[in-house]
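# Observations on chain architecture
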Amino acid sequence: MKADKTGRRAALERSTAETQVRLSLNLDGTGQADIDTGVGFLDHMLTLLARHGFLNLAVQARGDLQVDSHHTVEDIGIVLGDALAEALGNKEGIRRYGNCFLPMDETLAQVCLDISGRPFLVFDADIPKVKLGNYDAEMTEEFFRAVAMHSGLTLHIRVLCGRNVHHIIEAVFKAFARALSEAVAHDPRVHGVLSSKGVL
């Protein structure tokens, strides 16, 4: 893994026998996205993540899609998690916590997160095992697990109601984007890090 960061930016590459991923992230962006993963639905979700999280995000990935989307989706989650950790640095001055209830037609999703340094995922969502294009819907949980584990997020995802699989997954990505935007925002009242330990 190679990394380069400036301020709240990170640029990483990850190459394995199964995937090659290049990703750049700017936490203080304007919602610009340049996404090409070979998995159309994931491209759509990452574009929404950038737009609704006010991130600048570029992802180029090639994976063994002749097998399925598993390795590509998971490895992009790994690199995104690593990039978040790099871009956040020592986490000084950030709000740390984020929460969003997000409706999308018949669907309501909630994402709560803590930039805690203690990675954990609670994924309470009943997503049918279907394909959306060449995206395996069940990979949504694996994507967010990879992001949480590699960024040090405590991440809770709940889908309170929903029937349309596209809507369910899209609501989760948008809610994650909004919660993340809230958590990484600077708060002038926070001196150092928001922890009685003095470190996150």
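As shown above, the structure is provided for reference.
On a predicted model such as this, the values are computed, not experimentally measured, just so you know. (Residues numbered from 1 in each chain as written. Predicted model: local features only at pLDDT ≥ 70, side-chain atom pairs only at ≥ 80, totals over all residues. Heavy atoms only, no water.)

### Some details on the environment of Ser195
- Checked against the element boundaries, Ser195 lands in the segment after helix H4 (165-184).
- Separated by 135 residues in sequence, Ser195 and Gln60 have C-alpha atoms that sit 36 Å apart.
- When sequence neighbours within four positions are dropped, the list of residues in contact with Ser195 reads Arg96 and Leu200.
- A distance of 3.1 Å separates a polar side-chain atom of Ser195 from the backbone nitrogen of Lys197. (Helix = DSSP H or I, 4+ residues; strand = E, 2+ residues; numbered from the N terminus. Contact = heavy atoms within 4.5 Å. Polar contact = N/O pair within 3.5 Å; in protein donor to acceptor, adjacent residues only side chain to side chain.)

### A few points about the environment of Leu194
- Along the chain, the position of Leu194 falls in the segment after H4.
- Residues Leu194 and Lys91, 103 residues apart in the sequence, show an inter-C-alpha distance of 8.7 Å.
- Once residues within four sequence positions are removed from consideration, Leu194 is found in contact with Ile94, Arg95, Arg96, Tyr97 and Leu200.

### Quick look at the nonpolar core
- Leu57, Leu113, Ile169 and Phe176 are the most contacted members of the largest nonpolar core, which totals 64 residues.
- In terms of residues, this core owes the most to one element, H4, which gives 13 residues.
- When neighbours within four sequence positions are excluded, Leu113 is seen to be in contact with Arg96, Tyr97, Gly98, Leu153, Thr154, Leu155, Phe176, Ala179, Leu180 and Ala183. (Core = buried A, V, L, I, M, F, W, Y, C linked by side-chain atoms within 4.5 Å. Buried < 20%, exposed > 50% of the residue type's maximum accessible area, 1.4 Å probe, protein only.)

### Side note on the sheet that holds strand S6 (residues 97-104)
- Ordered by their spatial adjacency, four strands build an open sheet running S6-S7-S11-S8, and the pairing between neighbours is mixed. Single-partner strands in this sheet number two, and they are S6 and strand S8 (120-124). Adjacent strand axes in the sheet meet at a mean angle of 10° when their direction is disregarded.
- Alignment of S6 against strand S7 (residues 107-115), held across eight bridges, turns out to be antiparallel. Each bridged residue has a counterpart across the sheet, and for Met104 the counterpart in S7 is Thr107.
- Against the sheet, helix H3 (residues 139-151) contacts S8 and strand S11 (153-161), and its axis sits at roughly 160° relative to S8. (Pairing = 2+ DSSP bridges. Axes fitted to C-alpha atoms, helices over the stretch in contact; angles between N-to-C directions.)

### Description of the side chain of Asp64
- Mapped onto the secondary structure, Asp64 falls in the loop between strand S5 (56-63) and helix H2 (70-88).
- Summary of buried charges: Asp64 has no salt-bridge partner, and the nearest side chain of opposite charge, Arg14, is 10 Å away.
- With near-sequence residues (within four places) excluded, Asp64 lies in contact with Glu18, His71 and Thr72. (Lys, Arg positive; Asp, Glu negative; His and termini not counted. Salt bridge = Lys/Arg side-chain N within 4 Å of Asp/Glu carboxyl O.)

### Notes on the packing of helix H1 (residues 40-53) against H4
- Look at H1 against H4: their axes get within 8 Å of each other, and the N-to-C directions meet at 30°. As for how H1 packs across H4, the hand of that crossing is right-handed. In this structure, H1 uses Phe41, Leu42, His44, Met45, Leu48, Leu49, His52 and Gly53 to contact H4, whose residues at the interface are His166, Ile169, Glu170, Phe173, Lys174, Phe176, Ala177, Arg178 and Ser181.
- The class makeup of the residues in the contact of H1 with H4 is nine nonpolar, five polar and three charged. (Left-handed = near helix turned anticlockwise from the far one by under 90°. Nonpolar A, V, L, I, M, F, W, Y, C, P; charged D, E, K, R; others polar.)

### Here's the deal with the packing of H2 against H3
- Between H2 and H3, the least distance of the axes is 7 Å, while the angle of their chain directions is 30°. Put simply, H2 runs roughly parallel to H3. Once H2 is placed against H3, the crossing between them reads as right-handed. Each of His70, Val73, Glu74, Ile76, Gly77, Ile78, Leu80, Gly81, Asp82, Leu84 and Ala85 in H2 lies in contact with H3, whose residues at this interface are Met139, Glu142, Phe143, Ala146, Val147, His150 and Ser151.
- The residue inventory of the contact of H2 with H3, partitioned by class, reads 10 nonpolar, five polar and three charged. (Parallel < 35°, antiparallel > 145°, perpendicular 65-115°, else oblique.)

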